[in-house]
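As a plain string of letters, each chain reads:
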Protein chains: 2
Amino acid sequence: MHIGAAEQASGLPAKTIRYYEDIGLLIPARQQNGYRDYGRTDVHKLAFLKRARGLGFSIEDCRALMSLYGDRNRASADGKALAHTHLHRIEAKIAELEGLRGVLAHLVDACHGDARPDCPILDDLAGLLEGQA
Amino acid sequence: MHIGAAEQASGLPAKTIRYYEDIGLLIPARQQNGYRDYGRTDVHKLAFLKRARGLGFSIEDCRALMSLYGDRNRASADGKALAHTHLHRIEAKIAELEGLRGVLAHLVDACHGDARPDCPILDDLAGLLEGQA
DNA sequence: TATAAAGCCTCCTGCGACTGGAAGGTCAAG
DNA sequence: CTTGACCTTCCAGTCGCAGGAGGCTTTATA
């Protein structure tokens, strides 16, 4: 199966599939003409990678997950640990963004937003609140 | 004021301050020996940039905000529009991450996480749920 | 059979927003 | 006069690809 077909079957762009080969995530066989040759297992792995990336796992996480994926003697605890760590990262990111959202919503709310120049948003950025305190 | 002092005063690393000059965000005066020379206004602007970046505004947003910052005839509506757009981006990102969190929390919860190899997390990534349906 | 189009290959560059490091100039203190 | 801190410029690397150039091979059509 050529890379174009693997692209259709896995949902990953050919560019990405080649990149994954570059970094050693999934190295396919080659035909005599040099074309990459993907088998059914390869396509499964590509779809696996797509799903894992879609869940926000880093490439290095994916490497570890792929290793577990192909390991019959794996411990489910290992997969769980990876997912758990990743979940914590996501929760931390959410908390960070919620903090930003709070500040921004407050500022947007406080700004009348007309043609006049006085703007609490720019004032906050300029640190005038501290300056006036 | 040398860059080291500006670093202390603004809270931005010297590397970042130089980078901001490279991309034309804040170009300081130079002393005769070639050293950068930051004045009080420059330090204010650096602190302004630090605050804006800390709120997650992109560099291009910061460029626009800086322009408004220095414009006596600005309309507060412009600042509000930038902040509003940014707020929407953050909310969209939060929603996306909350989706991921939901899926991951579910998977982590479903995985017993012991020495046995069967792992709902890896099964999900492998698309076995669809395969079995 | 000739040719055009599609698909494949490798290699290089760029994105955003820095960060680290090398090689070298400048300045104040001992 | 030397040491060390501080400054300069420039280059490379980060992450995860995407875009494009230039050149094969294969396939489809006239």
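The rules behind each value
Residues numbered from 1 in each chain as written. Chains lettered and ligands numbered in written order. Predicted model: local features only at pLDDT ≥ 70, side-chain atom pairs only at ≥ 80, totals over all residues. Heavy atoms only, no water. Helix = DSSP H or I, 4+ residues; strand = E, 2+ residues; numbered from the N terminus. Rg over C-alpha atoms; globule rule 2.2 N^0.38 Å. Buried < 20%, exposed > 50% of the residue type's maximum accessible area, 1.4 Å probe, protein only. Contact = heavy atoms within 4.5 Å. Areas by Shrake-Rupley, 256 points an atom, 1.4 Å probe, with all protein chains shown as cover. Lys, Arg positive; Asp, Glu negative; His and termini not counted. Charge placed at Lys NZ, Arg CZ, Asp CG, Glu CD. Near = heavy atom within 4 Å. Polar contact = N/O pair within 3.5 Å; in protein donor to acceptor, adjacent residues only side chain to side chain. Salt bridge = Lys/Arg side-chain N within 4 Å of Asp/Glu carboxyl O. Least-squares fit on C-alpha atoms with pLDDT ≥ 70 in both. Disulfide = S-S within 2.5 Å. Phe/Tyr/Trp six-rings, centres within 6.5 Å; stacked < 30°, edge-to-face > 60°. Nonpolar A, V, L, I, M, F, W, Y, C, P; charged D, E, K, R; others polar.

Caption draft 1: Focus on the overall build of chain A. Within chain A, the secondary structure is distributed over seven helices and two strands. Secondary structure of chain A in N-to-C order comes out as α-α-β-β-α-α-α-α-α. Computed over its C-alpha atoms, the radius of gyration of chain A comes to 24 Å, more than 25% above the 14 Å expected for a compact globule of 133 residues. Viewed in the frame of its principal axes, chain A has a C-alpha envelope of about 75 × 40 × 20 Å. In chain A, which comprises 133 residues, the share counted as buried stands at 37%. Taking contacts inside chain A between residues at least 6 apart in sequence as the whole, the part at least 24 apart equals 42%. Element-wise, carbon and sulfur atoms account for 50% of the exposed surface of chain A, whose accessible area totals about 7,300 Å². One way to put it: in chain A the 17 positive side-chain charges average out to a point 13 Å from where the 18 negative ones average out.

Caption draft 2: Representation of the protein's contact with DNA strand C within the structure. Around DNA strand C there are 18 residues in total, and Arg36 of chain A together with Lys15, Thr16, Tyr20 and Arg53 of chain B lie nearest to it. Atoms of DNA strand C within 4 Å of the protein belong to the sugar or the phosphate in 67% of instances, the rest to bases. Measuring from a base oxygen of DNA strand C, one finds a side-chain N or O atom of lysine 15 of chain B at 2.3 Å. One nitrogen or oxygen atom from the side chain of tyrosine 20 of chain B is found 2.8 Å from a phosphate oxygen belonging to DNA strand C. At the level of elements, α1 (3-10) of chain A together with α2 (14-22) of chain B are the ones that each hand at least two residues to the surface near DNA strand C. For the surface near DNA strand C, the leading source of residues is α2 of chain B, giving four residues.

Caption draft 3: A look at the pattern of salt bridges. Summed over the entire model, instances satisfying the criterion amount to 17 salt bridges over all chains. A salt bridge links arginine 30 of chain B to glutamate 21 of chain B, with the shortest nitrogen-to-oxygen separation between them at 3.0 Å. Classification of glutamate 21 of chain B as buried rests on a relative accessible area of 13%. Where salt bridges share partners, they join Glu21, Arg30 and Arg36 of chain A into one cluster.

Caption draft 4: Region of the structure containing the relation of the copies chain A and chain B. When chain A is fitted to chain B, the residual RMSD is 0.1 Å, and the transformation amounts to a turn of 180° plus an axial shift of 0.0 Å. The transformation just described matches what one would write down for a two-fold rotation axis. Closest to the rotation axis within chain A is the C-alpha of isoleucine 94 of chain A, separated from it by 2.9 Å. Both copies contact each other with a shared surface, as 100% of the interface residues of chain A are interface residues in chain B too.

Caption draft 5: Looking closely at the side chain of arginine 36 of chain A. Residues and elements named next belong to chain A. Topologically, arginine 36 is positioned in strand β2 (residues 36-37). You can call arginine 36 buried: its relative accessible area is 18%. Among the polar contacts made by the side chain of arginine 36, one reaches the side chain of glutamate 21 at a distance of 2.4 Å.

Caption draft 6: Broad picture of the state of the cysteines. Summed over the entire model, instances satisfying the criterion amount to zero disulfides over all chains. Cysteine cysteine 62 of chain A remains unbridged, with the sulfur of cysteine 119 of chain B as its closest cysteine sulfur at 14 Å. Counting only cysteine sulfurs, cysteine 119 of chain A is the nearest neighbor of cysteine 111 of chain A, a cysteine outside any disulfide, at a range of 3.7 Å. Given a relative accessible area of 2%, cysteine 111 of chain A falls into the buried group.

Caption draft 7: How the structure looks around the packing of aromatic side chains. Tallying each qualifying case throughout the model produces four aromatic pairs over all chains. Look at tyrosine 19 of chain A and tyrosine 20 of chain A: their rings are 6.0 Å apart centre to centre, the planes differ by 50°, and that puts the pair in the tilted class.

Caption draft 8: A look at the protein's contact with DNA strand D. In the neighbourhood of DNA strand D, 19 residues make up the surrounding shell, with Lys15, Thr16, Tyr20 and Arg53 of chain A together with Arg36 of chain B lying closest. Close to the protein, within 4 Å, the atoms of DNA strand D are drawn from sugar and phosphate at a rate of 70%. With respect to DNA strand D, the side chain of threonine 16 of chain A contributes an N or O atom lying 2.8 Å from a phosphate oxygen. In the environment of DNA strand D, a phosphate oxygen lies 2.7 Å from a nitrogen or oxygen atom belonging to the side chain of tyrosine 20 of chain A. The set of elements that each furnish at least two residues to the surface near DNA strand D consists of α2 (14-22) of chain A together with α1 (3-10) and α2 of chain B. The element that contributes the greatest number of residues to the surface near DNA strand D is α2 of chain A, accounting for four residues. For the surface near DNA strand D, the residue count by class is seven nonpolar, six polar and six charged.

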